[in-house]
Amino acid sequence: MKRIILFMVALVVCFIGINFLVYKNINETYSTNENLIKKISSDVPNYTKIDDIPKGLIDAIITVEDRRFFSHYGFDVIGIGRAFIANLKAGEVIQGGSTITQQLAKNLFLSSEKKLTRKVKELYIAIKIENDYSKEEILEMYLNCIYYGAGAYGIQNASQTYFNKDVDELTLVESALLAGLPQAPSGYNPKKYPERAKKRQGIVLDLMYKNRIIGKEVQENLTKQSFFVFQ
C-alpha cells in the first residue's frame, strides 16, 4: 500500500511539473483550450479542407513524415527507431522522428529550440491534440499551417507558389515534391535548389514504393518526370 501511495504522489508531482513546463512561455497566438481549426482557418489564407486535398498528397505526406500516423496516439517510439535506422543507412536525414501531431504542436505553440523542456512540452501538447481532434482534423491543420518554403505557409499557397494551380489539381509527382519540403523548406526550395528538390522528391516516391503505396513501375515513371512546371 505504501508503494502505491508513493507512486500516486510521484504521478501527481510529475503532472504538476509537466503542466508548469507546458504552459510557461507558450506561443500566446493559440490556446489548447480554443477551437484550433477555427483559429487556424481564420489566420491562414486559403485554408483548405481535408476533403479537397488529393489522396496522393496525403499518402505522400504520411509516408515521409509519419508512417504510423493513423495508429499512434501523438508519439511513435517505433517511428523514432525506424527513422534513426533509415537516416543512418542513407548517410543523411531522410525521415524525421517526430510525428505529424508533434510537428503541429511545435508549429502552433513552441519555438524551434533544441532543449529537453521543449520536447516535453511538444509531447504533452501532442497528446492533448490527439485527445481533442480526429486524425483527419489533425492532418488538415498540419497541412494548412506548416511552411513549404518561398514564403508559402499552407498547402494551397505552396501549390500556387510552385505550380500555379489549386491543390486539388496536383498530380502525384507534384504532390511528392511538396511532401518532401517540410523537412527543410528553405534547403529543398525547388526555385533555388532544383536538384536538391528533385532528389528529395525521388526519396518520397521511393518510400511510397517501399511502403506499397505505389507500384515499382509507377515509381520509376514518376521519378523520370519533370516537376519544373512552376513559373
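Quick notes on the rules
Counting of residues starts from 1 at the beginning of each chain's written sequence and follows it residue by residue. Reporting in this predicted model follows two pLDDT cut-offs: at least 70 for local features of residues, and 80 or more for side-chain atom pairs to be given and counted; totals over whole chains, interfaces and linings ignore these cut-offs and use all residues. Note that the side-chain values use all heavy atoms of the structure and ignore hydrogens as well as water. A run of H or I in DSSP becomes a helix once it reaches four residues, and a run of E becomes a strand once it reaches two; helices and strands are each numbered from the N terminus. Here's how the labels work: a residue is buried when its accessible area is under 20% of the maximum for its type, exposed when over 50%, partly exposed in between, all with a 1.4 Å probe on protein chains only. We define the nonpolar core as a collection of buried residues of types Ala, Val, Leu, Ile, Met, Phe, Trp, Tyr and Cys that are connected through side-chain atoms lying within 4.5 Å of one another. Here, residues are in contact when the closest pair of their heavy atoms is within 4.5 Å. Scored from 0 to 100, pLDDT reflects the predictor's confidence in each residue.

Asks: So what about unusual backbone geometry? Which residues, and what values?
Replies: Of note, the phi angle at Asn-46 is positive, near 60°, even though the residue is not glycine. Position of Asn-46 relative to the elements: it lies in the loop between α2 (36-43) and α3 (55-65). Judged by relative accessible area, which is 46%, Asn-46 ranks as partly exposed. Here Asn-164, not a glycine, exhibits a phi torsion of approximately 55°, which is positive. Take Asn-164: it is sitting in the loop between α8 (155-163) and α9 (172-179).

Asks: Please give an account of the nonpolar core that cites residues and values.
Replies: One broad rule of soluble globular proteins: the nonpolar side chains tend to lie buried together. With 54 residues, the main nonpolar core has Ile-129, Leu-139, Leu-143 and Leu-178 as its most contacted residues. Going through the elements one at a time, α2, α3, α5 (100-109), α6 (116-132), α7 (135-145), α8, α9 and α10 (194-210) are the ones with two or more residues in this core. If we skip the residues at most four places from it in the chain, Ile-129 touches Leu-36, Thr-101, Leu-104, Ala-105, Phe-109 and Ile-138.

Asks: Account for the confidence of the model for the protein, naming residues and giving values.
Replies: With 77% of its residues at a pLDDT of 70 or more, the protein shows a mean pLDDT of 82. Here helix α1 (residues 2-22) stands out as the least confident element of the protein, with mean pLDDT 48; α7 is the most confident, with 97. Overall, residues 4-13 carries pLDDT values under 50, and its contacts beyond four positions in sequence, including any with other chains, amount to zero contacts.

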